[in-house]
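What follows is the residue order along each chain.
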Amino acid sequence: MSLPAGRKLQGHGPTGMGRVREKDQPSIPLKQALGLEERETISLVGAGGKTSLLFLLARELSSSGYRVITTTTTKIFEPAPGQTPFLSLGETSETILRRVASHGHITVASKRVAHGKLQGIPPDQVEELRESALVDYIIVEADGAAQRPLKAPESYEPVIPGCTGTVVGLVGADAFGVRLTEATVFRSHIFSRITGLSPGAEITCEAVCLAFTHAEGILKGTPRSARVVIFFNKVDLDGGLAKGKEFAAKILGFPGSTVERVVLGHLRSERPVVEVVSRGW
């Protein structure tokens, strides 16, 4: 589902201190908010909520009867039992497909590694699984951010499979208006280089837009045929919704931007989508 230019999906409105009022407001499904097509691969990049979105989206899709694989091409923490019905480690693609047909949603990785994490699978295996009619959606965490609200990628990041139909870049509201340090931005030295922002300077909306649109930025390696969406997370923080709306207006009209829409939300809520802003709004 795609929004016409100049339109937005109505969601929740702000209250006095910039927090989000959820009472008596409609809930927008993530599938609709992200504009997903039927049967595709979704790759998540950036920072500020990728793993939360990975499993929330999988739960929504699988509860609607879709067969879903969640995986990573980097590393993720091992999911809790409530996040996935089955964890497949080091199995062949043939076995993985039997598992997803049986469970509806499974998480796939190659092995357990240190610090409670799972090593992901290579992009070519994602593409092999994508070819099967037994899978409706593959959701890939294609980037790492060391739990920061913002990041800039190294030369080998992100690892986006070529079969990706939608790339979702994430950023947290808590990255805006704070100082550029390694505590707030993963790989802060790269962020400084591609945005021109000095270490210790305040992180501006302009700098975050540059981090997304730069050739060596967060969306680097996005397939030409893929749609690009940004999920602006943590709008429940004081001032978060206003920051999200400012960012959406700027990134959608930013020079060189390929972003189709910005989803404003907070992924730790029962209603993760607050509003969707599309081009021309």
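The structure under discussion appears in the preceding block.
All of the points below concern the structure found in this document. (Residues numbered from 1 in each chain as written. Predicted model: local features only at pLDDT ≥ 70, side-chain atom pairs only at ≥ 80, totals over all residues. Heavy atoms only, no water.)

Relative to each other, helix H3 (residues 93-103) and helix H4 (residues 123-130) sit at 50 degrees, their axes nearing to 10 Å. By the criterion of interaxial angle, the relationship of H3 to H4 is oblique. Handedness of the H3/H4 crossing: right-handed. Seen from H3, the contacting residues are Ser93, Ile96 and Leu97; seen from H4, they are Gln125, Glu128 and Leu129. Of the residues assigned to the contact of H3 with H4, the class counts are three nonpolar, two polar and one charged. (Axes fitted to C-alpha atoms, helices over the stretch in contact; angles between N-to-C directions. Helix = DSSP H or I, 4+ residues; strand = E, 2+ residues; numbered from the N terminus. Parallel < 35°, antiparallel > 145°, perpendicular 65-115°, else oblique. Left-handed = near helix turned anticlockwise from the far one by under 90°. Contact = heavy atoms within 4.5 Å. Nonpolar A, V, L, I, M, F, W, Y, C, P; charged D, E, K, R; others polar.)

One pass over the full model with this rule turns up 16 salt bridges. For lysine 31, the salt bridge goes to glutamate 38, with nearest N and O atoms at 2.8 Å. A salt bridge links glutamate 94 to arginine 98; its shortest N-O distance comes to 3.8 Å. Taken together, the positions of glutamate 94 and arginine 98, both in helix H3 and four residues apart, correspond to about one turn of that helix. Exposure class is identical for glutamate 94 and arginine 98. Each is exposed. (Salt bridge = Lys/Arg side-chain N within 4 Å of Asp/Glu carboxyl O. Buried < 20%, exposed > 50% of the residue type's maximum accessible area, 1.4 Å probe, protein only.)

Glancing now at a negative patch on the surface. Together, Asp124, Glu127, Glu128 and Glu131 make up a region of like negative charge exposed at the surface. The residue aspartate 124 is located in helix H4 in this model. (Patch = residues over 30% accessible without salt bridge, like charges linked within 9 Å, V, L, I, M, F, W, Y side chains within 5 Å. Areas by Shrake-Rupley, 256 points an atom, 1.4 Å probe, with all protein chains shown as cover. Lys, Arg positive; Asp, Glu negative; His and termini not counted. Charge placed at Lys NZ, Arg CZ, Asp CG, Glu CD.)

Here three strands make up an open sheet; going across it, the order is E4-E8-E7 and the pairing antiparallel. Each of the sheet's edge strands pairs with one partner strand only, and the pair in question is strand E4 (75-77) and strand E7 (111-112). Sheet topology places E7 next to strand E8 (residues 117-119); two bridges connect them, and they run antiparallel. Residue pairing in the sheet places lysine 111 in a bridge with glutamine 119 of E8. (Pairing = 2+ DSSP bridges.)

This brings us to the pairing of strand E9 (residues 137-141). For E9, a buried count of five out of five residues is recorded, marking the element as mostly surrounded by other parts of the structure. As defined by bridge partners, strand E2 (residues 40-46) adjoins E9 across five bridges and the pair is classed as parallel. Looking at the pairing, threonine 41 lines up with isoleucine 138 of E9. For strand E3 (residues 68-72) and E9, the ladder comprises five bridges, and the chain directions are parallel. Looking at E9, one finds that isoleucine 69 is bridged to isoleucine 138.

Here we take up the packing of aromatic side chains. Applying the stated criterion to the full structure yields five aromatic pairs. Taking 5.2 Å as the distance between ring centres and 85 degrees as the angle between the ring planes, the aromatic pair formed by tyrosine 66 and tyrosine 137 counts as edge-to-face. One end of the pair, tyrosine 66, is in the loop between helix H2 (50-63) and E3; the other, tyrosine 137, is in strand E9, and 71 residues separate them in sequence. Taking the relative accessible area as the measure of exposure, tyrosine 137 reaches 0% and is therefore buried. For the pair phenylalanine 176 and phenylalanine 247, a centre-to-centre distance of 5.8 Å together with 70 degrees between the ring planes defines the contact as edge-to-face. Separated by 71 residues along the polypeptide, phenylalanine 176 in the loop between strand E11 (164-172) and strand E12 (185-186) and phenylalanine 247 in helix H7 (residues 240-252) bring together distant segments of the chain. Comparing phenylalanine 176 with phenylalanine 247 shows no difference in burial state: the two are buried. Among the aromatic residues, those joined into a ring-pair cluster are Phe176, Phe212, Phe232 and Phe247. Sitting over the ring of phenylalanine 77, lysine 117 keeps its end group 5.0 Å from the ring centre. (Phe/Tyr/Trp six-rings, centres within 6.5 Å; stacked < 30°, edge-to-face > 60°. Lys NZ or Arg CZ within 6 Å of the ring centre and 35° of its normal.)

Moving on, we come to the packing of helix H6 (residues 205-213) against H7. The contact between H6 and H7 brings their axes to 10 Å, and the two run at 50 degrees. When the axis of H6 is compared with that of H7, the two are oblique. In this structure, H6 meets H7 at a crossing whose hand is right-handed. Packed against H6, whose contacting residues are Cys205, Glu206, Val208, Cys209, Phe212 and Thr213, the element H7 presents Glu246, Phe247, Lys250 and Ile251 at the interface. Class assignment for the residues of the contact of H6 with H7 results in six nonpolar, one polar and three charged.

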